[in-house]
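# Close look at the chain arrangement
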Amino acid sequence: MTQRVGILQQKGGVGKTTNTINIAGALADRGLDVLAVDMDPQGYLTHRLGFEDAYTANEPTLYNALKEPTEHDVEDLTVQHVEFDLLPANIDMFRLEQDLIASGMRPRMRLDQLFDGADAWDVILVDAPPSLGPLNDNVALATQQLVVPVEADDSSQLALNHLLRQLDTLESRYDVHVDILGVVVSNVEYPLDNEQKNNIEWFQDRFEDHVPVWEVRNRAAIKRAIKNGESVFGENAEETDMREVYAAIAEEINDG
Ligand SMILES: Nc1ncnc2c1ncn2[C@@H]1O[C@H](COP(=O)(O)OP(=O)(O)O)[C@@H](O)[C@H]1O
Ligand SMILES: [Mg+2]
């Protein structure tokens, strides 16, 4: 069974793409076959992994596949990164939301339909776009298992409440259950001020009885690895204590 996990949070700059690369790297480091999927029309994941050409490539791309999921195989659309496979975003995806809504037919189930029969991987990890809307809904409905990155600032509580409300709506409208596997407080920079401390505690109080709350600290090694197009588990990456955190996230995903 291929497991599907969405890295989802509608705020920009909270670490979705960074966490996607490193969780994918950690899962691959466990010996698993991983597909990372770039659902952000801006294509940061695709670019950071070095596949700029795929972002501007001609059809068929993820854009075409999401418009007509039954006409495309995921395997034909993927490229090979050293650590894992990638289903790249394409620049045409900027028009996708409008196209999906205009088409009327289950616009929020397209990614789920595309993943039907995509069984070549142990885990499919989807990097979600920074907005609430049809593309993000596609990620939630196709994976129904989320890792939610947040930052230790005040606006993250509000963002999380918006997200939970949106998931409630999807759950009742589509009769599904969307599971939150864990929360990653991302890019945490010490020393913490009081606001940051309070926010991290708020996330811990809210979630830690049910699911793990991980803390990924701000590390130059993380930034440099991504600059080189790899995770902190990549061949050229420097040693960092954050490997342990990403290994723990991968273990939770893998063993549940
Ligand atoms: N743990 C970290 N250490 C250092 N830099 C980080 C870390 N997490 C995120 N960043 C940086 O923060 C910025 C936003 O992160 P990104 O993963 O692109 O967020 P999102 O995908 O949610 O928009 C990027 O420049 C990224 O390099
Ligand atoms: Mg991103």
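Owing to the predicted nature of the structure, the values given are computational and were not obtained by experimental measurement.

### Section: the sheet that holds strand S2 (residues 34-38)
Strand order in this open sheet of eight strands is S3-S4-S2-S5-S1-S6-S7-S8, and the pairing throughout is mixed. Edge positions in the open sheet fall to strand S3 (79-80) and strand S8 (213-217), since each of these has one partner strand only. In this sheet, strand S6 (residues 145-150) lies alongside strand S1 (residues 3-7) in parallel orientation, the contact comprising two bridges. Following the sheet pairing, Gly6 is matched in S6 by Leu146.

### A word on the UniProt feature "domain: AAA" (unreviewed entry) in the protein chain
Within the UniProt annotation, "domain: AAA" (unreviewed entry) is assigned to residues 5-178. End C-alpha atoms of residues 5-178 are separated by 10 Å, and the span's content is 44% helix alongside 14% strand.

### Notes on the packing of aromatic side chains
Working definition: an aromatic ring pair is given by the centre-to-centre distance plus the angle between the planes. A complete count under the given rule lists one aromatic pair for this structure. Judged by centre distance (5.1 Å) and plane angle (80 degrees), the rings of Trp202 and Phe203 are edge-to-face. A residue is classified by how much of its surface remains accessible, and Trp202, at 23% relative accessible area, is partly exposed. Here the basic side chain of Arg217 rests over the ring of Tyr190, its NZ or CZ set 3.9 Å away from the ring centre.

### Some details on a negative patch on the surface
A contiguous patch of negative charge on the surface is contributed by Asp73, Glu75, Asp76 and Asp119. Among the structural elements, Glu75 can be located in helix H5 (residues 74-77). Of the residues examined, Glu75 reaches a relative accessible area of 49% and is grouped as partly exposed.

### Observations regarding the pairing of S6
Along S6, five of the six residues are buried, which leaves the element largely enclosed by surrounding structure. For S6 and strand S7 (residues 179-188), the ladder comprises six bridges, and the chain directions are parallel. Residue pairing for S7: Val147 is matched across the bridge by Gly182. As a crossover connection, the stretch from S6 through helix H9 (residues 155-174) into S7 is right-handed.

### Things to note about helix H1 (residues 16-29)
Think of an α-helix as turning once every 3.6 residues; residues three or four places apart then point the same way. For H1, spanning 14 residues, the distance from its first C-alpha to its last is 19 Å, which sits close to the expected 20 Å at 1.5 Å a residue. Burial within H1 is extensive, with 12 of its 14 residues counted as buried. Looking only at H1, the buried set comprises Lys16, Thr17, Asn19, Thr20, Ile21, Asn22, Ile23, Ala24, Gly25, Ala26, Leu27 and Ala28. Positive phi shows up at Gly31, right after H1, with a value of about 95 degrees.

Scoring rules and cut-offs
- Residues numbered from 1 in each chain as written.
- Chains lettered and ligands numbered in written order.
- Predicted model: local features only at pLDDT ≥ 70, side-chain atom pairs only at ≥ 80, totals over all residues.
- Heavy atoms only, no water.
- Pairing = 2+ DSSP bridges.
- Helix = DSSP H or I, 4+ residues; strand = E, 2+ residues; numbered from the N terminus.
- UniProt positions renumbered as here; feature names shortened; annotations may be inferred.
- Phe/Tyr/Trp six-rings, centres within 6.5 Å; stacked < 30°, edge-to-face > 60°.
- Buried < 20%, exposed > 50% of the residue type's maximum accessible area, 1.4 Å probe, protein only.
- Lys NZ or Arg CZ within 6 Å of the ring centre and 35° of its normal.
- Patch = residues over 30% accessible without salt bridge, like charges linked within 9 Å, V, L, I, M, F, W, Y side chains within 5 Å.
- Areas by Shrake-Rupley, 256 points an atom, 1.4 Å probe, with all protein chains shown as cover.
- Salt bridge = Lys/Arg side-chain N within 4 Å of Asp/Glu carboxyl O.
- Lys, Arg positive; Asp, Glu negative; His and termini not counted.
- Charge placed at Lys NZ, Arg CZ, Asp CG, Glu CD.
- Right-handed = clockwise from strand over helix to strand, strands pointing away.
- Expected span 1.5 Å × (residues − 1).

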